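# Observations on chain architecture
Take a look at the letters that make up each chain.
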Amino acid sequence: GYAPLDGHYIGNSAGVPRLGIPQLKMYDAAQGWRTLDKDMIGQVTAWPCSLAVATTWDVRLMEEWGAAVGREHKAKGANVVLGPSVNVHRVARGGRNA
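This text gives an overview of the structure that appears in the document. Since this is a predicted model, take the numbers as computed values, not measurements.

### Observations concerning the pairing of strand β2 (residues 24–27)
Here strand β1 (residues 11–13) pairs with β2 via three bridges, running antiparallel. Bridged to G11 within β2 is M26. Across two bridges, β2 lies against strand β3 (residues 80–81) in parallel orientation. Looking at the pairing, M26 lines up with V80 of β3.

### Some remarks on the sheet that holds β1
With mixed pairing, the three strands of this open sheet are ordered in space as β1-β2-β3. Single-partner strands in this sheet number two, and they are β1 and β3.

Conventions used here
Residues numbered from 1 in each chain as written. Predicted model: local features only at pLDDT ≥ 70, side-chain atom pairs only at ≥ 80, totals over all residues. Heavy atoms only, no water. Pairing = 2+ DSSP bridges. Helix = DSSP H or I, 4+ residues; strand = E, 2+ residues; numbered from the N terminus.

Here it is in structure tokens:
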């Protein structure tokens with residue numbers, strides 16, 4: 001079963017301190033930080049998906065959205081956001097179009 005550990009994210013990679021390579025703490029949640037940690041309940045934002053943001057054609061809004069998502073993930077300890085929903089949207093027939 002799935003048993004998350006404190007400080008673990010969706011994907012982790014150990015760092016190599018002697019080479020100055022930091023640990024990777026990857027998270028897959030560009031629409032918002034998903035958590036099972038009871039201390040974070042009420043501490044996360046549900047962001048609109050990137051496809052919805054893109055349909056605004058508002059470059060300034062897209063930049064603000066991306067910066068805000070990045071700030072939230074960084075504040076929660078992640079240093080990599082995986083696949084921010086680029087060309088991945090669902091179709092009703094079951095699956096993705098890409």
